Every structure is written in structure tokens, then in C-alpha cells.
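Breakdown of the fold
Below are the chains, spelled out letter by letter.
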Amino acid sequence: MTIEIEKLTYKEPAPIKDIENPFESMMERFNIAAKVLNLEAGVYEYLKTPVKQVITSIPIQMDDGRIEVFEGYRVIHNDTLGPSKGGIRYAPDVTIDEVKALAAWMTWKCAILNLPFGGAKGAVKCDPSKLSRVELEKITRRYTANLMSVFGPDKDIPAPDMNTNEQTMAWIMDTYSMHVQRTETAVVTGKPLIIGGSLGRKEATGRGVMICTLAAMERLGMNPLNADVVVQGFGNVGSISAKLLYEQGCRIVGISDVNGGWYNPNGINITKALEYVAEHKTLDEFKVGERITNSELLELKCDVLVPAAKEDQITARNADKLKCRLIVEGANGPMTADAEPIVFGRGIRTVPDILANAGGVTVSYFEWVQDKQGYFWSLERVNRRLERAMKSSFEAVWETAIQHNTTLRIGAYILAIDKVAKTLKLRGIYA
Ligand code: NAD
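Counting restarts for each chain: residues are numbered from 1 in the order of the written sequence. Per-residue local features of the predicted model are confined to residues with pLDDT of at least 70, and side-chain atom pairs are confined, for both listing and counting, to 80 or more; whole-chain, interface and lining totals are unaffected and use all residues. Values reported for side chains reflect all heavy atoms of the structure, with hydrogen atoms and water molecules removed beforehand.

As for the nonpolar core
For soluble globular proteins, nonpolar side chains are generally found buried alongside one another. Short version of the rule: By convention a nonpolar core is built from buried Ala, Val, Leu, Ile, Met, Phe, Trp, Tyr and Cys residues, the set being connected through side-chain atoms within 4.5 Å. Categorising residues by exposure relies on relative accessible area from a 1.4 Å probe, with only protein chains included: less than 20% of the type maximum marks a residue as buried, more than 50% marks it as exposed, and the intermediate range marks it as partly exposed. Only DSSP runs of H or I reaching four residues or more are called helices, and only runs of E reaching two or more are called strands; each is numbered from the N terminus. Residue ranges for the domains trace back to a domain assignment, done automatically or taken from a database.
Judged by nonpolar contacts, the single largest core of 90 residues is most densely connected at Phe-30, Leu-47, Trp-108 and Val-351. Ranked by residue count, the leading element in this core is helix 15 (residues 408–427), at 10 residues. Per-domain counts for this core show at least three residues from each of domain 1 (50–195) and domain 2 (204–351). Counting residues in each nonpolar core, the second largest holds 26 residues, with Val-54, Phe-70, Ile-139 and Val-150 among its members.

With respect to the site of the ligand
The criterion, for reference: Throughout, near means a residue has at least one heavy atom within 4 Å of the molecule or strand. Any N or O atom pair separated by 3.5 Å or less is treated as a polar contact, with the protein-specific requirement of one donor-capable and one acceptor-capable atom, and with residues adjacent in sequence counted only for side-chain atom pairs. Here the open area of atoms and residues is found with the Shrake-Rupley method and a 1.4 Å probe, where only the protein chains shown may cover a residue. Think of it as three bins: nonpolar holds Ala, Val, Leu, Ile, Met, Phe, Trp, Tyr, Cys and Pro, charged holds Asp, Glu, Lys and Arg, and polar takes everything else, Gly as well.
By nearness alone, 22 residues border the ligand, and Arg-89, Thr-205, Val-237, Val-258 and Asn-332 come closest of all. Measuring from an oxygen atom of the ligand, one finds a side-chain N or O atom of Arg-89 at 2.9 Å. Asn-332 is positioned such that a nitrogen or oxygen atom in its side chain is 2.8 Å from an oxygen atom of the ligand. Bound to the protein, the ligand loses 83% of the 830 Å² it would expose on its own. At the level of elements, helix 7 (201–220) and helix 8 (236–247) are the ones that each hand at least two residues to the shell around the ligand. Taken together, the residues of the shell around the ligand break down into seven nonpolar, 10 polar and five charged. Shared between two domains, the shell around the ligand takes at least three residues from each, and those domains are domain 1 (50–195) and domain 2 (204–351).

Details of the domain arrangement of the protein
Convention followed: What gets called buried area is simply the loss in accessible area from a 1.4 Å probe that two parts show on being joined, summed for both. Salt bridges are defined as contacts in which a side-chain nitrogen from Lys or Arg sits within 4 Å of a carboxyl oxygen from Asp or Glu.
Each assigned domain of the protein is listed here: domain 1 (50–195) and domain 2 (204–351). Summed over both sides, the interface between domain 1 and domain 2 buries roughly 430 Å², with carbon and sulfur atoms accounting for 45% of that surface. When residues of domain 1 are sorted by the area they lose upon contact with domain 2, Trp-105, Lys-109 and Met-162 head the list and together hold 57% of the total. Across the domain 1-domain 2 interface, the total number found is one salt bridge. Taken together, the connections running from domain 1 to domain 2 amount to two residue pairs in polar contact (both at pLDDT 80 or more). Top element by residues in the side of domain 1 that touches domain 2 is helix 4 (residues 96–112). It accounts for four residues. Of the residues assigned to the side of domain 1 that touches domain 2, the class counts are three nonpolar, no polar and six charged.

Examining the pattern of salt bridges
All told, the structure shown has 29 salt bridges when counted by the stated rule. Residues Glu-45 and Lys-48 are paired through a salt bridge, measuring 4.0 Å at the closest nitrogen-oxygen approach. Note that Glu-45 and Lys-48 are positioned in helix 3 (residues 41–48) at a spacing of three residues, about one turn of the helix. Judged by its relative accessible area of 41%, Glu-45 falls in the partly exposed class. A residue is classified by how much of its surface remains accessible, and Lys-48, at 27% relative accessible area, is partly exposed. The residue Arg-291 makes a salt bridge to Asp-284 at a minimum N-O spacing of 3.6 Å. Classification of Asp-284 by relative accessible area gives partly exposed; the value is 26%. Residues joined by salt bridges that share partners form a network here, namely Arg-29, Glu-329, Glu-340, Asp-353 and Arg-409.

Right under this line is the structure:
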């Protein structure tokens with residue numbers, strides 16, 4: 001254990017990597033937690049190795065008549081706790097290692113939130129901005145058809161992620177239902193309300209970020225009414241996190257999307273920002289203060305930084321330039337493993353992704369339960385149960401971190417790995 005803590009307190013400068021491998025980044029944290037837990041070698045191998053990795057080709061007739069072949073992935077990292085659960089992202093630069101890391105994070109997230117799910121993730125290598133709606137629908141349906149033997153309401157349940165949305169989930173649900181010849185709403189979550197979605201699902205990840213931010217502020221003696229917050233990314237997670245923190249009285253001094261951001265030390269009206277983006281799609285011409293780049297945004301002086309765009313934003317290159325007290329990770333993997341000791345060493349606390357953004361999968365679980373029961377909950381019930389789940393997991397992670405004298409991230413990994421390992425021991429190895 002001494003070695004791990006030394007690593008975290010960071011004596012030697014970490015080598016700066018040119019290319020981040022998100023799976024390796026996940027494994028660096030996994031390894032620290034596994035050592036603290038004294039995980040036996042066989043269990044370590046079991047939990048590190050994905051249960052299933054599918055690479056599938058998706059041939060599509062494009063609008064102009066050409067045939068184009070896309071590559072799709074689905075990785076089931078672990079299904080010890082139950083059917084696997086995880087989103088699907090569409091991105092031109094997605095790799096199988098990224099999907100493997102995201103799938104593993106889902107395993108740990110579900111364990112921390114006490115959900116009866118394992119972890120999975122899927123992706124299609126494509127650029128949705130260059131595809132028509134018809135082409136996107138064809139890709140989604142063919143991807144689903146190719147994965148019929150993987151997906152299932154009691155086997156593997158997808159959800160939205162980057163560049164996929166409620167409509168994508170509706171196409172998946174319909175394609176799956178056509179193949180099994182009955183309507184099977186519980187096969188995906190994040191669906192439109194009218195076809196079995198849950199109230200509060202769209203806002204759930206941002207709401208979880210807000211709940212974790214307030215819980216961490218309370219623990220650190222920070223007052224939300226006196227806090228400057230910077231949010232990177234203004235999509236589903238970033239915009240809702242900003243909105244809910246704004247409603248809690250925080251001053252949102254910086255926001256951004258893929259093209260850059262805005263800084264205003266007097267605070268940005270997030271209601272207006274949401275209205276602006278609903279109309280114009282980007283923040284480009286919002287003109288609410290000083291125009292800044294995304295790297296400048298990350299280095300703004302603030303109390304809370306919420307990276308809610310994509311992975312690998314806080315690295316060993318910029319970790320020593322951050323000027324916040326608290327980081328709450330809305331995105332998956334926004335901080336690289338080599339940045340972690342630098343950030344920790346500078347006294348900045350981080351609520352890790354596998355806790356902070358788990359509100360989405362928690363309400364996905366509520367949606368799955370409602371679909372299975374055919375009985376739908378009020379928004380108040382969804383939000384109340386989400387708040388209870390997030391707060392109690394936050395406290396469990398905090399206590400674990402204190403108990404092991406480590407970071408909240410390693411505390412979260414310890415909690416999650418311990419739970420999955422104990423379940424695995426009880427279930428035993430089938431042979
Ligand atoms: P999204 O596509 O709705 O929004 C992404 C936002 O980030 C957009 O505003 C985009 O312009 C911006 N962005 C993209 N690249 C950027 C860059 N290089 N620099 C700055 N901004 C950039 O996606 P989302 O659903 O909000 O997901 C964001 C992150 O949160 C991802 O890491 C995703 O895996 C994670 N996450 C999402 C959910 C969910 O329920 N949507 C749940 C858990 C985790």
C-alpha cells in the first residue's frame with residue numbers, strides 16, 4: 001500500500017505521453033486499487049479481461065447509391081453483477097481500446113451505484129455530422145441486427161452516449177423488436193418517453209454531477225452560493241450540469257463547446273445559453289464575455305471545474321496550470337492517469353467519473369425497471385431516488401478513500417472492484 005500512496009503523492013515527474021490509451025489509463029487506476037485490495041492473481045485477470053469483444057462490419061447503401069462499410073464495436077467488460085449495460089457512441093476516431101475502457105468504467109459505475117448490472121460499451125466508427133438521417137438510421141439498424149445475439153433485456157442493454165440520442169435508441173428498440181417479433185422496450189434505455197422512456201433520464205447525468213458537486217462542496221466546506229464554476233462541454237451532460245448548478249446559486253463563469261468557450265467573471269446566464277444553443281446549435285456567437293479556447297477554459301481560476309466533453313482533457317501537460325479547488329468529472333476519462341498525481345499533489349480534489357457521471361446509468365436502471373413492470377414513475381420519484389442513490393454512493397466512496405488514505409478515484413475503484421470480486425467469489429467459476 002505504501003508504494004501506491006507514494007505514487008499518488010507524486011515524487012518524480014510523470015513521463016508525458018503523446019498518445020493516451022484510455023484502457024491503459026483505466027488499468028493504471030485498477031492496478032492501484034487491486035494492490036490495496038490484495039486481489040488474488042486469478043481474480044485480477046478475470047476482472048481485467050473483457051468477457052466479450054465484438055467487431056462487426058456495417059455495409060450501408062449511402063444516399064448517393066455508393067456502398068460504404070463502417071466498423072462497429074460492442075465490448076462486454078463484465079457481467080458478474082447482472083446483464084451488461086452501457087452506451088453506444090458514434091465517432092470517427094473511436095477505437096476498440098476506447099470502447100474497452102468505457103465498458104470497464106461501466107462495470108465499476110454500476111457496482112458503485114449498487115445497480116444489478118455489469119458493464120459494456122458500443123461504438124460505430126463514423127462521423128454523424130457527414131451522414132444524413134436516413135444513413136444514420138440504416139447504420140443503427142444494421143449494427144443492431146448484427147448484434148442480435150449480444151443484445152437483450154436480460155443480457156446486454158445499450159443506451160445513448162456521444163452523438164447518439166433518443167431517436168437512435170428508438171431505432172434500436174424497433175429493430176430488436178422486429179427480430180424477436182414482439183415489442184421489447186427494456187432492450188435499450190434512454191428512449192423517448194412515449195415508447196417506454198423514463199422521466200428525468202435526459203437530465204440524469206447532469207443531475208448526478210450537480211448532486212456530487214454539492215456533496216463534495218459540503219465535505220470541503222465550500223459554499224455553493226459563493227462558488228465560481230467552469231464547465232467544459234455544453235452537450236447533454238455539460239449543459240444540464242451547468243443549468244442545475246446555476247439553479248443552485250453557483251456562478252458559472254466559463255462554458256464551452258467543441259469550437260471554444262466564453263469567460264465572464266460576473267457569471268453567465270445559463271438559461272439564456274441553453275436557449276441560444278437550442279436555436280443556434282453552438283455557442284460560437286453567444287458573445288457573453290471573453291472568447292477563449294478550450295485549453296484556456298480549463299486553466300481559468302475557479303472553485304469547481306466540471307470537464308463534461310470528452311476524455312483526456314486534463315493531462316500531465318496542463319495539470320500544473322489548473323486553478324480550481326475541486327474537479328467533478330462529468331465526462332468519462334477526462335483526466336489521464338499521469339495527470340492524477342500532479343492534480344492530487346496540488347491539493348485539488350477530484351470526484352471521479354465512475355461516481356460523478358453515474359446518474360445516467362442509475363436512471364437507465366430505473367427506466368429498465370419501469371419497462372419490465374409496465375408501470376411508470378413520476379419525475380419526483382425518479383429524482384428523489386436518484387438523489388438518494390448518488391448521495392449514498394458519494395458517502396461510501398468518500399469513506400473508502402479516507403479508510404485507505406487515498407484519492408476519491410482510487411476509493412471508488414476499491415469499492416467497485418471489491419464488490420465485483422466478492423460477487424465473483426460467491427458465484428464461483430463455471431467450468
Ligand atoms: P454530447 O455529444 O451531448 O456533448 C458533448 C459536448 O462536448 C458538446 O458540447 C461538444 O461540442 C463538446 N465537445 C466535443 N469535443 C470537445 C472538445 N475537444 N473540447 C471541448 N468540448 C468538446 O455528449 P454527452 O452525452 O454530453 O457526453 C459528454 C461526456 O459525458 C462523454 O465523455 C460521455 O461519455 C460522458 N457521459 C455521458 C452520459 C450521458 O448520459 N449522456 C453519461 C455518462 C457519461
